[in-house]
Amino acid sequence: MGASPDPIVLPGGSTTVVLIHGYTGSPAEMGLLADSLQREGYGVECPLLAGHGTCLEDLMPVDPVQWLNQLDAVVDRLQQQGQNVVVGGLSLGAILALQVARRRPSIQGVITYSPPIISADPRALIAPLLAKVLASVPRPADDFVDPTTAERIWTYNRWPSRCSVKVLELIADTRRHLAEVRQPLLVMASRLDRVITVRGVNRLCERVSSPSVQLQWLENSGHLITTDAEWHTVAAVTAEFIRRLESA
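Figured I'd write up the structure that's included with this text. Counting restarts for each chain: residues are numbered from 1 in the order of the written sequence. Side-chain atom pairs in this predicted model are given and counted only at pLDDT of 80 or more, local residue features only at pLDDT of at least 70, and totals for whole chains, interfaces and linings cover all residues. Calculation of side-chain values draws on the structure's entire complement of heavy atoms; hydrogens and water are dropped beforehand.

Quick word on the packing of helix α3 (residues 64-80) against helix α4 (residues 92-103)
- Axes, fitted as lines to C-alpha atoms, cover a helix only where it is in contact. Angles between the N-to-C directions of the axes lie from 0 to 180 degrees. Segments assigned H or I by DSSP are reported as helices when at least four residues long, segments assigned E as strands when at least two residues long, and all are numbered from the N terminus. It is the contact of α3 with α4, at a shortest axis distance of 10 Å, that shows an interaxial angle of 60°. Compared by their axis directions, α3 and α4 come out oblique. The two elements α3 and α4 meet at a crossing, and its hand is right-handed. The segment α3 lies against α4, with W67, L68, N69, L71, D72 and V75 engaging L92, L96, Q99, V100 and R103.
- For this classification, Asp, Glu, Lys and Arg are treated as charged, while Ala, Val, Leu, Ile, Met, Phe, Trp, Tyr, Cys and Pro are nonpolar and the rest, including Gly, are polar. Of the residues belonging to the contact of α3 with α4, the class tally is seven nonpolar, two polar and two charged. Throughout this description, any angle smaller than 35 degrees is read as roughly parallel, any larger than 145 degrees as roughly antiparallel, any in the 65 to 115 degree range as roughly perpendicular, and the remainder as oblique. In a left-handed crossing the near helix is turned counterclockwise from the far helix by less than a right angle, and in a right-handed crossing that turn is clockwise. In what follows, residue pairs with any heavy atoms lying within 4.5 Å of each other are defined as contacts.

Shown next as C-alpha cells:
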C-alpha cells in the first residue's frame, strides 16, 4: 500500500468525470484510469470519501448519506462551472454513482465498475449479527491477477461492522430504485471477481431505465478492475463511452 490516499483533481476540457473509489479504499485505485482519461482530454475528480484514507476508527461512525452529500456537492459545483458531468464508481463507488444519478438526473452518463448489486460474500447475510459482536471483520482476500496491483492502492485491511451494515442497506435501496436511473449506462465487470455476482450485474442491466446500456465483461481481472491486469481495456472502453455521450 505505497500509494497515496489523497483526492485526485485533474483539469481537462468541457467534460469532467467524477470517479468514486470503493469501500475502505481510496482514490489511488482510480489513479491509472484518471490519468488515462485526462490524456483523452477529460477533467477528472476523485474525492476521498468520508472516513477513508486515515484509520479504520474514522470510518466506523460514518453514514452513507455523508458520502452522497459529498458527491452531490462535487457534481453541483462542476455543473455550476458549466461542466458536463459523467459519474463512475468502483464497487461501493458504483452503488454511489447509481444513487447520485438518481439524485442528479442532469448527469450525462453513469459508469459502474464491479457493481456489487448482489454480493457474493456470504457474510452479507449475517452482517447485522456480526455487527453486534465484532467491531470489524477482515476484508475479503485480494483476488488480483496482476500482483503489482497491491503497490498501486491504499486501503484498510478490515471492514467496520456497523458501517458495513449501512452499506448493505444502501445497496438494497439501490436495487429497489434501479428504474430511476435514466442516463446512458456502462457496466464493466470481470468473470473472475469473487465479490460481485453475475445475477447482480444482469439485474442492474435489466432494471435501469437507461436509453442505452453497455455491458463489458473482462476475463482476466480481479475485483479492482480499474487497476488490475486489464486496466488499459477499462480505460479504453470508458473513454469510448464518454466520446459517444459527447457526440449524441
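Structure's up, so let's keep going.
What about the pattern of salt bridges?
- Criterion for a salt bridge: a side-chain nitrogen of Lys or Arg within 4 Å of a carboxyl oxygen of Asp or Glu. Summed over the entire model, instances satisfying the criterion amount to 14 salt bridges.
- Where E45 meets R77, a salt bridge forms, and the shortest distance between an N and an O atom there is 2.7 Å. Taken as a pair, E45 in strand β3 (residues 43-46) and R77 in helix α3 lie far apart in primary sequence, 32 residues in all.
- Since its relative accessible area comes to 12%, E45 is described here as buried.
- The class of R77 is partly exposed, set by a relative accessible area of 32%.
- For D173, the salt bridge is made with R176, and the minimal N-O distance between the two is 3.7 Å. The rule is simple: take the accessible area with a 1.4 Å probe, protein chains only, and divide by the maximum for that residue type; under 20% is buried, over 50% is exposed, in between is partly exposed.

With respect to the environment of T15
- Structurally, the position occupied by T15 is in strand β2 (residues 15-20).
- Here the alpha-carbon distance between T15 and E246, two residues 231 residues apart in the chain, equals 8.5 Å.
- Excluding its chain neighbours within four sequence positions, the residues that come into contact with T15 are Y42, G43, Q83, N84, V86, I242 and E246.

Examining the nonpolar core
- In this description, a nonpolar core means a group of buried Ala, Val, Leu, Ile, Met, Phe, Trp, Tyr and Cys residues linked to one another through side-chain atoms lying within 4.5 Å. With 45 residues, the main nonpolar core has W67, V87 and L96 as its most contacted residues.
- The element best represented in this core is α4, accounting for seven residues.
- With sequence-adjacent residues up to four places away left out, W67 is seen in contact with Y23, L49, A50, H52, L59, V62, L92, L96, C163 and V167.
- Of all hydrophobic cores here, the second largest spans 29 residues; its members include Y113, L224, A239 and I242.

Taken by themselves, the reported measurements are silent on function.
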